[in-house]
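Descriptive analysis of the structure
If you want the building blocks of each chain, they are given just below.
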Amino acid sequence: MNRRHFLASGAATLLARRELWSQPAQVMPLGFSLYGMRSLELRAGLEACSKIGYDAVELALMPGYSAEPSRLNAALRRQTRTLLGDLKLSLAALMENLPVSGVEKEQLERIKAAAELGHALAPDAPPILETILGGGVNDWEKLRESFATRVGAWAKVAQEHRIVVCVKPHRLGAMNRPEHATWLLERVGSPWVKAAYDYSHFEHRQMTIAETMKPLVPVSRFVHLKDCRIENGRMQFLLPGDGQVNYADYLRELKGAGYRGCVCVEVSGMVSGQKGYDPIAAARRCYANLAPAFAKADVRRV
């Protein structure tokens, strides 16, 4: 690496850190992902989250969701930015679904579109972009080099458009263990690619919260919350607080690991796809389950 490239790399690292760590230390806003509110228009979802008491939101950008970038023209982006301010909601994250098996050119365009939307809605504190990577559960060794190549290409676009991409280990994907994610991040070697932590994908696998946080929290810039259980021999995701996780202890572990950033409810499609699912009732239930844990853990939300 020559001097010019070294300086450019250093500048990118500093910029990424400044944009990522704008939150004061040990502040963890409680957020809700609008992934669980697909049936609502964007305004309705944001107003519901604010009324319930959430501090932050994650917007789902996949086709069919109200925050899909192509559905928000310049005027709607200005209105949404104003609405977020009026509702006192921070925009913590944008959700995408970018399986490595997808077409690279299309994915790079979606990352670019997400970055443009994020900077339009929250120019002073741009959100991260989080995604899972897909692949077969037992195929990590076979796929990891192709994962590194693809995510490395994402990193270049992410740096150019100033958006941090967070990849999430998923129980039903190839990258499904903490060491998979840390290997990938080390291999890619970019400050613009980090991890997202979600303990539900490690629960019931003989992995504790503490041992999964230890390697992942230092390289994670986002946290999803949900529970799970084994039912009839199969994993079933639940609303956070409806399972066995003690969230006061969970938050204490995050605090002890030095995490600062959003702690965001994710309602699994296993829940939202059930007949009679009510997104606002689910958001209320999650808030009632989680909000007291912050006080018990002595964790500041704002």
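Residues numbered from 1 in each chain as written. Predicted model: local features only at pLDDT ≥ 70, side-chain atom pairs only at ≥ 80, totals over all residues. Heavy atoms only, no water.

1. A look at empty space enclosed by the protein
Convention followed: A pocket, in this scheme, is an open set of points on a 1 Å grid over the protein atoms alone with protein on both sides within 12 Å along at least 5 of 7 lines, while a cavity is a set where a 1.4 Å probe fits but cannot get out; residues line either one if an atom lies within 4 Å of a point. Grid points are joined across faces, edges and corners, and a volume is the space filled by probe spheres set on the points. Gly counts as polar in this scheme, as do all residues outside two lists: the nonpolar Ala, Val, Leu, Ile, Met, Phe, Trp, Tyr, Cys and Pro, and the charged Asp, Glu, Lys and Arg. Each helix is a run of DSSP H or I of at least 4 residues and each strand a run of E of at least 2, with the numbering of both proceeding from the N terminus.
Under the defined criterion, the tally for this structure stands at two cavities of 30 Å³ or more. Quantified by volume, the largest cavity comes out at close to 50 Å³. Every residue along the wall of the largest cavity is listed here: Leu34, Met37, Arg38, Leu40, Leu42, Leu59, Ala60, Tyr65, Ser66 and Ala67. When its residues are assigned to classes, the lining of the largest cavity shows eight nonpolar, one polar and one charged. Space inside the second largest cavity adds up to approximately 30 Å³. As for the second largest cavity, its lining consists of Asp198, Tyr199, Ser200, His224, Leu225, Lys226, Val245, Tyr247 and Tyr250. At the level of elements, β7 (220–225) and α8 (247–256) are the ones that each hand at least two residues to the lining of the second largest cavity. Residue classes in the lining of the second largest cavity are distributed as five nonpolar, two polar and two charged.

2. Considering the layout of surface pockets
Within this model, the second largest pocket holds a volume of roughly 320 Å³. Taken together, 18 residues form the lining of the second largest pocket, with Tyr35, Met95, Ile132, His170 and Glu266 sitting closest to its centre. Its residues placed into classes, the lining of the second largest pocket shows seven nonpolar, six polar and five charged.

3. Here we look at the pattern of salt bridges
We apply this condition: Any Lys or Arg side-chain nitrogen found within 4 Å of a carboxyl oxygen on Asp or Glu counts as a salt bridge. With a 1.4 Å probe rolled over the protein chains alone, any residue whose accessible area is under 20% of its type maximum counts as buried; one over 50% counts as exposed, and the rest are partly exposed.
Per the counting criterion, the structure on display carries 16 salt bridges. Between Arg252 and Asp249 there is a salt bridge, with its nearest N and O atoms 2.7 Å apart. With Arg252 and Asp249 both in helix α8 and three residues apart, the pair spans about one turn of that helix. What makes Arg252 partly exposed here is its relative accessible area of 39%. When its relative accessible area of 39% is taken as the criterion, Asp249 is described as partly exposed. Bridged by salt links that share partners, the residues Lys168, Asp198, Lys226 and Glu266 form one connected network.

4. Topic: the sheet that holds β7
Worth spelling out the cut-off: Whether two strands pair depends on DSSP finding at least two bridges between them. Orientation is described by axes fitted as lines to C-alpha atoms, over the contacting stretch for helices, and by angles from 0 to 180 degrees between their N-to-C directions. In what follows, residue pairs with any heavy atoms lying within 4.5 Å of each other are defined as contacts.
Strand order around the closed barrel formed by eight strands is β1-β2-β3-β4-β5-β6-β7-β10, with parallel pairing between neighbours. If you compare each strand with its neighbour and ignore which way they point, the axes differ by 30° on average. Most of the contacts of α8 go to β7, to which it runs at about 180°, and overall it touches β6 (193–197), β7 and β10 (263–265). Across the face of the sheet, helix α10 (residues 279–297) comes into contact with β1 (30–33), β7 and β10 while running at roughly 160° to β1.

5. Some remarks on unusual backbone geometry
The backbone of Lys88 shows a phi angle near 60°, a positive value even though the residue is not glycine. Its place among the elements puts Lys88 in the loop between α3 (74–86) and β3 (90–95). With a phi close to 55°, Arg162 is a non-glycine residue in the positive phi region. Tracing the sequence through the fold places Arg162 in the loop between α5 (140–161) and β5 (165–167). Its relative accessible area of 34% is what places Arg162 among the partly exposed residues.

6. Comments concerning the side chain of Asp227
For clarity, the threshold we go by: Within this scheme the basic residues Lys and Arg register as positive and the acidic residues Asp and Glu register as negative, but His and the chain ends are omitted. Residues adjacent in sequence count toward polar contacts only when both atoms are side-chain atoms; beyond that, a polar contact is any pair of N or O atoms within 3.5 Å, and within protein one must be able to donate a hydrogen and the other to accept it.
Summarising the element assignment, Asp227 is placed in strand β8 (residues 227–231). The buried charged residue Asp227 lacks any salt bridge, with Arg285 as its nearest oppositely charged partner at 9.2 Å. Within polar-contact distance, the side chain of Asp227 engages the backbone nitrogen of Gly241 at 2.8 Å.

7. A look at the packing of helix α2 (residues 42–52) against α3
Just so we agree on the cut-off: Comment on the angle field: the value is read as roughly parallel under 35 degrees, roughly antiparallel over 145, roughly perpendicular from 65 to 115, and oblique elsewhere.
Between α2 and α3, the least distance of the axes is 10 Å, while the angle of their chain directions is 10°. Here α2 lies roughly parallel to α3, going by the angle between them. Contact residues: α2 offers Leu42, Arg43, Leu46 and Glu47, while α3 offers Thr80, Leu83 and Leu84.

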